[in-house]
Amino acid sequence: MHAIALDALRTRPQHMELPVPVARARQVLVRLEASGVNPIDWRIGDGEFEGRLPHVFPLVLGVDGAGVVEAVGRGVQRFKIGDRVVGRFLFGYVGGGSYAEYAAVHEDAVLTTYPASLGPGCAAALPTAGITALQLSRRLDLAPGSKVLIVGATGGVGMFLIQLAVMKGLRVIATAAPDAHAHLRALGVAALIDYRAQPVVEWLDGHFVNGVDGLVDLVSEAPVFAQHVEHVRAGGIALSTVGAARENELASCWIRGGNFEVNPTTKDLAIVLTAVASGQMKVEVEREVPLAQALIALEASRTGGARGKTVIVM
Ligand SMILES: NC(=O)c1ccc[n+]([C@@H]2O[C@H](COP(=O)([O-])OP(=O)(O)OC[C@H]3O[C@@H](n4cnc5c(N)ncnc54)[C@H](OP(=O)(O)O)[C@@H]3O)[C@@H](O)[C@H]2O)c1
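Conventions adopted
- Residues numbered from 1 in each chain as written.
- Predicted model: local features only at pLDDT ≥ 70, side-chain atom pairs only at ≥ 80, totals over all residues.
- Heavy atoms only, no water.
- Helix = DSSP H or I, 4+ residues; strand = E, 2+ residues; numbered from the N terminus.
- Rg over C-alpha atoms; globule rule 2.2 N^0.38 Å.
- Buried < 20%, exposed > 50% of the residue type's maximum accessible area, 1.4 Å probe, protein only.
- Contact = heavy atoms within 4.5 Å.
- Areas by Shrake-Rupley, 256 points an atom, 1.4 Å probe, with all protein chains shown as cover.
- UniProt positions renumbered as here; feature names shortened; annotations may be inferred.
- Arc of directions from axis to C-beta.
- Axes fitted to C-alpha atoms, helices over the stretch in contact; angles between N-to-C directions.
- Parallel < 35°, antiparallel > 145°, perpendicular 65-115°, else oblique.

1. Let's talk about the overall build of the protein
Per the secondary structure count, the protein includes 10 helices and 17 strands. For a compact globule of 314 residues, the expected C-alpha radius of gyration is about 20 Å, and the protein comes in at 20 Å, within 12% of that figure. Its C-alpha atoms give the protein principal-axis dimensions of roughly 60 × 40 × 35 Å. Counting the 314 residues in the protein, one finds 54% classified as buried. Sequence-distant contacts, at least 24 apart, represent 66% of the contacts inside the protein between residues at least 6 apart. As displayed, the protein offers around 13500 Å² of accessible surface, 53% of which is attributable to carbon and sulfur atoms.

Dropping the structure here:
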């Protein structure tokens, strides 16, 4: 099968021809139709889980994927051949990823069936970014009408989080380059900051002197995150998805939150799928590319400039 894989951590991913995996006990073999690109994919190559999970080489990249169950291993109870499934191909070890024509994954992984109406590209865009946004939105336990600043709002997580925050009645202020402004307004964003034209904090000084009630920062390193936190009111909440929060400093300013880590669950994936299938939430797929262009898509994710999700179609 064709796959995008690494021979060792911190080496360049390559297009490889690999044997189709076998569904071992309690595993399902999925014929992948689409995989969603996330920053975690290249972070894994950089050693994100080194020392924390076993790595199997050649290490097939890709976490999110959607496809059809082709075979089931001994003892599988949750799935049967022919099921249309979506989920995360990261369970127990690193290397059996979704940037491939086939992947075998334990049935207890974050994996569920999905309605055919969604289509594999749309489904594959959901697991990591959708669950992260859902869990972030739950942490925003603020009254309707409260102001929340989302920094890095134009990517996979941001586009879902905007919609979930708007559904909670929050007033969303988002950072975005101008090309994305019209689109973000259509998603319900109340105010936009062109972070390339003006520092975010300068804009806040001019527009929201009393600060915001919530901050979700998806991109900033610690010094910039700390500047953004200065504009969160006491009693508010500030979250970083990139480990930039100094949690003791937040607590000393009476600000809740800190560094956020997603806890992916099948239950939350199902909630996100239902929200999309019922039309409550849109999936913003920026582009679909063939597996042959996966290396370019992966590099583009590292470089920045995402506008929603990129999906690889097999
Ligand atoms: N902790 C966790 O559990 C967890 C879970 C999921 C994701 N994450 C992390 O959260 C981050 C966001 O994930 P994602 O999937 O949304 O990534 P993404 O799809 O790559 O989106 C990132 C977005 O941020 C924008 N951006 C980059 N630098 C910016 C800046 N200085 N100010 C404002 N916007 C900026 C980018 O567009 P422009 O470059 O055009 O501005 C892009 O639209 C990633 O670092 C990811 O690894 C963490």
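2. Brief notes about the UniProt feature "domain: Enoyl reductase (ER)" (unreviewed entry) in the protein
If you check UniProt for "domain: Enoyl reductase (ER)" (unreviewed entry), the listed places come out as residues 4-312 in our numbering. Span residues 4-312 is 28% helix and 29% strand, its end C-alpha atoms 11 Å apart.

3. Quick word on helix H6 (residues 200-207)
Among the residues of H6, Val200, Val201, Trp203 and Leu204 are the ones counted as buried. Down the axis of H6, the buried side of the element spans an arc of 160°, and every buried residue falls inside it. Taken together, the buried residues of H6 touch strand E10 (147-151), strand E11 (171-175), strand E12 (191-193), strand E13 (212-217) and helix H7 (222-229).

4. Remarks on unusual backbone geometry
Residue proline 58 is reached from phenylalanine 57 by a cis peptide bond, and omega for that bond is -5°. Checked against the element boundaries, proline 58 lands in strand E4 (residues 55-60). Positive phi, normally seen in glycine, also occurs at arginine 26, with a value near 65°. Using a relative accessible area of 31% as the deciding quantity, one classes arginine 26 as partly exposed.

5. Re the packing of helix H3 (residues 127-139) against helix H9 (residues 266-277)
Orientation of H3 relative to H9, taken along the N-to-C sense of each, is 95°, at an axis distance of 9 Å. Between H3 and H9, the angle falls in the class roughly perpendicular. Taken together, the residues of H9 that come into contact with H3 (itself represented by Pro127, Gly130, Ile131, Leu134, Gln135 and Arg138) are Asp268, Leu269, Ile271 and Val272.

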